[in-house]
Number of protein chains: 2
Amino acid sequence: MINVAIMGHGVVGSGVAEILINHADRITAKAQTPVNVKYILDLRDFPGLSYSDKFIKDFNIILNDDSVKVVVEVMGGINPAYDFVKSCLLKGKSVATSNKELVAAKGAELIKLANDNNVNFLFEASVGGGIPVLRPMAQCLAANEITEITGILNGTTNFILNKMIVDNMDFDAALALAQQKGFAEKNPAADIEGHDACRKVCILAALGFGKHVYPEQVNTEGITDVTLDDVESADNFGCVVKLIGHAKKLPNGKITATVRPTLVGRDCILSGVNGVFNAIMVRGDQTGDVMFYGKGAGKEATASAVVADVIDCVKHIDARKYLYWEDGSPDYVDNSYDETVRLYVRATSDNFSELEAQYEAIFPGVSCVKNKFRGEIAFITDSEKESLIKEKISGFKNLTSLKVLHTFF
Amino acid sequence: MINVAIMGHGVVGSGVAEILINHADRITAKAQTPVNVKYILDLRDFPGLSYSDKFIKDFNIILNDDSVKVVVEVMGGINPAYDFVKSCLLKGKSVATSNKELVAAKGAELIKLANDNNVNFLFEASVGGGIPVLRPMAQCLAANEITEITGILNGTTNFILNKMIVDNMDFDAALALAQQKGFAEKNPAADIEGHDACRKVCILAALGFGKHVYPEQVNTEGITDVTLDDVESADNFGCVVKLIGHAKKLPNGKITATVRPTLVGRDCILSGVNGVFNAIMVRGDQTGDVMFYGKGAGKEATASAVVADVIDCVKHIDARKYLYWEDGSPDYVDNSYDETVRLYVRATSDNFSELEAQYEAIFPGVSCVKNKFRGEIAFITDSEKESLIKEKISGFKNLTSLKVLHTFF
């Protein structure tokens, strides 16, 4: 029998407790030994549960109980999660977490600490909720060199954009609906400003390319500036607007890492990822594009991913799972690298014939959608160096508005 | 250092050899020890390769060389692969294979043999080529009870159907194109008649539900009867026609297992799986729907999945990966179970007004698409017991043609 402690009894933590306790038979079969929840750490009281007797308020009880071999960290945030996890690893306890903020900020350090103490630090649930993606990336793609990772990593923003696309709802109404349905928090900033997706890009890039990427190194843009006009105009080009997290190896040995609203062609499987679903597409040099899809959040999905990690920790109590990346460095992420891209451009002017003339002169032969009534021209450029396209765009004069978005085909 | 032997130097075998030999550094890093290809078994000669000296023609050299700890079986077919694999496992050698025919026919027996001899028998590449799906199913979904598996499991038929849908090409022309592009074999029966997809359903169902399913237990129907009329008519209902492999737990403890052309709603992510790509959707009781997507075939993709298994065998030389299912039984698959379904129906008659009248009488209130010129009515039924729908359909008289297909929304 292996004793487990759960730190945090919020949405995910209660889900973990319920699966481990209510499905004990199934867990025992998979783990090949009984898994016993000994403690649940939470500052709040939870009377009336079948397992109310397991609650404690003092972390040191867990830390100093040598019979606890696996600790689940589902408190969220960096403090005190970071200190608690570090202490557990140092004491020879394996840790399973769903805390993307912690892994994105401290992953390399905690992985090293786990290795040094011959225990495991697993965090499958930190990316894509219940979608198995980190483990398959690490294991099944072992024979591949991963070159690019592209994902829809935040269910809240995907739900909002989807409502804008399908139901013609504007951003504010879609956000309100997401909040009403419990898909968005009261303070939705972490989602809609792209920070949540940014953390997941950090973790995916670190695992895929072998070196830590810090959140502040990712060019992060949210969806607050995406309008119904953008969504409708994208449709004219056979595209949908998605919040895309992206990381890619560069020829100079560095990488790019971005989160931004992006036009995705309807031919691309990512365009069909709707509602609160997430998807992560991984490009390997041998296997080509592989995609993992599922619910990116939700109590049961996330909790089941944590429990899978717990089972793995139990099964590898004296061995180490191979999951490793090295520390990052300030110049490792190079978002100023001049990539060849296709950009979506939409420009308006009070002088439509002048705008038309400029367009014909600057982007001759590029097909466009004109809306004389709005004084608007929209188009997707040919493939060129980004700097060159932006220089061309700067040739437009007397515009009343200009929108430029990246594309993914 | 671990010595490996490769049995078979066809498309996949040569790919495995090339990855193991040309990317030795990367493989060593992942396997944490050098992996040396000692023998390649093939009856043909391969002069002029950088590794021509490794070829042998006598299986017993591999079998009797105790320094060979891992054997790759990529010969295909059941004989002599079955005898060779069995002998290797009995001799304490782990085996990695891409041979779906072998796993579908003999999986339970070979897994047991591997367990009994404390070695591993891995076969990630047997389903979905380079898509990691079996290992994530076994590991990451450990906390889930899997209830249903739905997949596009054959790239050749998906390519053909896609050409019919997108380019309005008829079946014969699309098949000829697939052959010309090397996606279909000269004798395409195994693909277009559904046998290849059937074997993958067997393996997925066995792993997902814990009990072997034999190919002859799967209701298998290919795509040879799918016409351009079907494809066009499906489009009227917002659907595409896909060859869907499906396995599902039944309330009676048994399962259904089928392969058949199916109308898939365009809202479903599976409808966006185009060309030679495959996708497997797994429904878990905790995690909901999770989908794995990628190239289902091709030398590099399949070979890289085999190599990942080799690496796993090397890393677990003294341990066993948990991958297990028990033997099947004759009554385990119950395809006569009367499920609640929605069926697509298209009927034609020389007497269109009689057909209309019958339709109004038998399926009142169900919306349909009428084509008076063709004397045709097409519709998708409401959800009802399959037996009841079929009984209703049998009420149509004097039809000149009748097509009934299953649906997946």
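A. Broad picture of the relation of the copies chain A and chain B. When chain A is brought onto chain B, the operation consists of a screw motion whose angular component is 180 degrees and whose axial shift is 0.0 Å, with 0.0 Å RMSD remaining. Look at the turn and shift together and you get a two-fold axis relating the two. Minimal C-alpha distance to the rotation axis in chain A is attained by A:Phe292, lying at 2.4 Å. Here 98% of the interface residues in chain A have copies in chain B that are interface residues too; the copies meet face to matching face.

B. Focus on the sheet that holds strand 2 (residues 35-41) of chain A. Residues and elements named next belong to chain A. Ordered by their spatial adjacency, 6 strands build an open sheet running 3-2-1-4-5-6, and the pairing between neighbours is parallel. Only two strands of the sheet have a single neighbouring strand rather than two, namely strand 3 (55-56) and strand 6 (121-122). The pairing of strand 5 (residues 94-97) with strand 6 spans 2 bridges and is classified as parallel. Note that in strand 6 the partner of Val95 across the bridge is Phe121.

C. A look at the sheet that holds strand 1 (residues 2-7) of chain B. Residue and element names in this part refer to chain B. Pairing is parallel across the open sheet formed by 6 strands, whose spatial order is 3-2-1-4-5-6. Both edges of this open sheet fall to strand 3 (55-56) and strand 6 (121-122), since each of them pairs with a single strand only. Pairing geometry for strand 4 (residues 68-73) and strand 5 (residues 94-97), over 4 bridges, is parallel. Each residue of the ladder has a partner; that of Val71, found in strand 5, is Val95.

D. Quick peek at the pairing of strand 2 (residues 35-41) of chain B. Residue and element names in this part refer to chain B. Across the 7 residues that make up strand 2, a large majority, 5, are buried. Where strand 1 lies against strand 2, 6 bridges are found, and the strand directions are parallel. When the bridges of strand 2 are listed, Val4 appears paired with Val37. For strand 2 and strand 3, the ladder comprises 2 bridges, and the chain directions are parallel. Among the inter-strand pairings, Ile40 is bridged to a residue of strand 3, identified as Phe55.

Scoring rules and cut-offs
Residues numbered from 1 in each chain as written. Chains lettered and ligands numbered in written order. Predicted model: local features only at pLDDT ≥ 70, side-chain atom pairs only at ≥ 80, totals over all residues. Heavy atoms only, no water. Least-squares fit on C-alpha atoms with pLDDT ≥ 70 in both. Contact = heavy atoms within 4.5 Å. Pairing = 2+ DSSP bridges. Helix = DSSP H or I, 4+ residues; strand = E, 2+ residues; numbered from the N terminus. Buried < 20%, exposed > 50% of the residue type's maximum accessible area, 1.4 Å probe, protein only.

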